[in-house]
Amino acid sequence: MTNRVRTARRAATRALLLVVAVLGLELVVTGAASADPSSTSWIKLRMCESSGRYSINTGNGYYGAYQFDLPTWRSVGGGGRPDQASPREQDYRALYLYRMRGWQPWECGGKLGLSGDHDARSKRVPSYDESAYIGGTGLPAPPAPKPGPAPAPPSGGIPDWPGLVYAYGDCAPALRTFQLRMNAFGYGFSGTGCYYDKTRTAVLDLQKANSINDSGRLGPKTWKAAWEGKAPR
């Protein structure tokens, strides 16, 4: 084997090792990014914090889909006001905050029982590409379902019990049916179909009025009481 051939083979081997090293690095980075919370967890968080509305500003000092206050928003590099930032920017700053402090800054993180992974508090600054999976990137918040007529009163029959017990953080068409029914008692639901604070209040009120164990869960007895029981006080 000539020296020229040996030199060429060594060069080819070094190039192959370099490619493997680069690919290996990319796999590590991808694996770390996939360790972030699921898009479902972020959807639940947004729905709990703001009903998924990126432009929300109710005047309480908290803004946007993730209800940032201004000091927290600026601590993760945000400029201007959160509700005026694009969904992509809000998603990115939310992931940034999660990697700095986990779910701790969001009250809804505890309410929903969201658990952190090894990226929580990792202090690893994300890229915009890594935050793109969260779900709101570049898109306006989906509109809330349009309110419809409340289900038929008792004389028209009770809608079939869906067969599931619902609790805080759940979203389902049956919950929308229950919410709209409770509008007959003045609760003013828009019919999001998601079980958060207002729905829990209505469930507990109904359970108390009808001597049902006040578990806060929407089960068959509470469902039936919404149509046939005593009205909440």
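Residues numbered from 1 in each chain as written. Predicted model: local features only at pLDDT ≥ 70, side-chain atom pairs only at ≥ 80, totals over all residues. Heavy atoms only, no water.

**Student:** Can you walk me through the packing of helix 7 (residues 173-182) against helix 9 (residues 220-228) in this structure?
**Tutor:** Two measures define how a pair of helices packs: the angle their axes make with one another and the distance between the axes. Contact geometry for helix 7 and helix 9: axes closest at 10 Å, N-to-C directions at 35 degrees. The two elements helix 7 and helix 9 cross, and the hand of that crossing is left-handed. Of the residues in helix 9, those in contact with Ala 174, Thr 177, Phe 178, Arg 181 and Met 182 of helix 7 are Thr 222, Trp 223, Ala 226 and Trp 227. Partitioning the contact of helix 7 with helix 9 into residue classes produces six nonpolar, two polar and one charged. (Axes fitted to C-alpha atoms, helices over the stretch in contact; angles between N-to-C directions. Helix = DSSP H or I, 4+ residues; strand = E, 2+ residues; numbered from the N terminus. Left-handed = near helix turned anticlockwise from the far one by under 90°. Contact = heavy atoms within 4.5 Å. Nonpolar A, V, L, I, M, F, W, Y, C, P; charged D, E, K, R; others polar.)

**Student:** What exactly am I supposed to notice about the state of the cysteines here?
**Tutor:** Note on terminology: a disulfide is the covalent bond linking the sulfur atoms of two cysteines. All chains considered together, the criterion is met by two disulfides. Disulfide pairing is shown between Cys 48 and Cys 108; the S-S distance is 2.0 Å. Disulfide Cys 48-Cys 108: torsion about the S-S bond near -75 degrees, hence left-handed. Placement of the pair is Cys 48 in helix 2 (residues 39-50) and Cys 108 in helix 5 (residues 107-111), with a sequence separation of 60 residues. Note that Cys 171 is cross-linked by a disulfide to Cys 194, the S-S spacing being 2.0 Å. Torsion about the S-S bond of the Cys 171 and Cys 194 cystine: about 110 degrees, corresponding to right-handed handedness. With Cys 171 in the loop between helix 6 (128-131) and helix 7 and Cys 194 in the loop between helix 7 and helix 8 (197-209), the pair connects residues that are 23 residues apart, well separated along the chain. Among the residues examined, Cys 194 registers a relative accessible area of 7% and is labelled buried. (Disulfide = S-S within 2.5 Å. Buried < 20%, exposed > 50% of the residue type's maximum accessible area, 1.4 Å probe, protein only.)

**Student:** Looking at this structure, I do not really get the layout of surface pockets. What am I missing?
**Tutor:** Which parts of space are left empty comes out when a probe the size of a water molecule is rolled across the atoms. Estimates place the volume of the largest pocket at around 630 Å³. Taken together, 32 residues line the largest pocket, and the ones lying closest to its centre are Cys 48, Glu 49, Ser 50, Gln 67 and Cys 108. Every element with two or more residues in the lining of the largest pocket is listed here: helix 2, helix 4 (87-101), helix 5 and helix 8. Per element, the largest residue contribution to the lining of the largest pocket is four residues, and it comes from helix 2. Of the residues belonging to the lining of the largest pocket, the class tally is 13 nonpolar, 11 polar and eight charged. Built from parts of two domains, the lining of the largest pocket gets at least three residues from each of domain 1 (39-135) and domain 2 (170-228). (1 Å grid on protein atoms, 1.4 Å probe; cavity = no way out; pocket = protein on both sides within 12 Å on 5 of 7 lines; lining within 4 Å. Points joined across faces, edges and corners; volume = space filled by probe spheres on them. Domains from an automatic or database assignment.)

**Student:** Would you mind going over the packing of aromatic side chains with me for this structure?
**Tutor:** Ring pairs (aromatic) are described by centroid distance and by the angle formed between their planes. According to the stated counting rule, one finds 17 aromatic pairs in the structure shown. Considering the side-chain rings of Trp 223 and Trp 227, the 5.1 Å spacing of their centres and the 45 degrees angle between planes classify their relative orientation as tilted. A residue pair is termed a helical-turn pair when its members lie 3 or 4 positions apart in one helix, as Trp 223 and Trp 227 do in helix 9 at four residues. Residue Trp 223 is classed as buried on the basis of its relative accessible area, which comes to 3%. With relative accessibility at 2%, the residue Trp 227 sits in the buried group. An aromatic cluster is defined as three or more aromatic residues linked by ring pairs; in this entry it consists of Trp 42, Tyr 54, Tyr 66, Phe 68, Trp 73, Tyr 98, Trp 103 and Trp 106. Here the guanidinium or amino end of Lys 198 rests over the ring plane of Phe 189, the centre of that ring lying 5.2 Å away. (Phe/Tyr/Trp six-rings, centres within 6.5 Å; stacked < 30°, edge-to-face > 60°. Lys NZ or Arg CZ within 6 Å of the ring centre and 35° of its normal.)

Distances and angles like these do not, on their own, reveal function.
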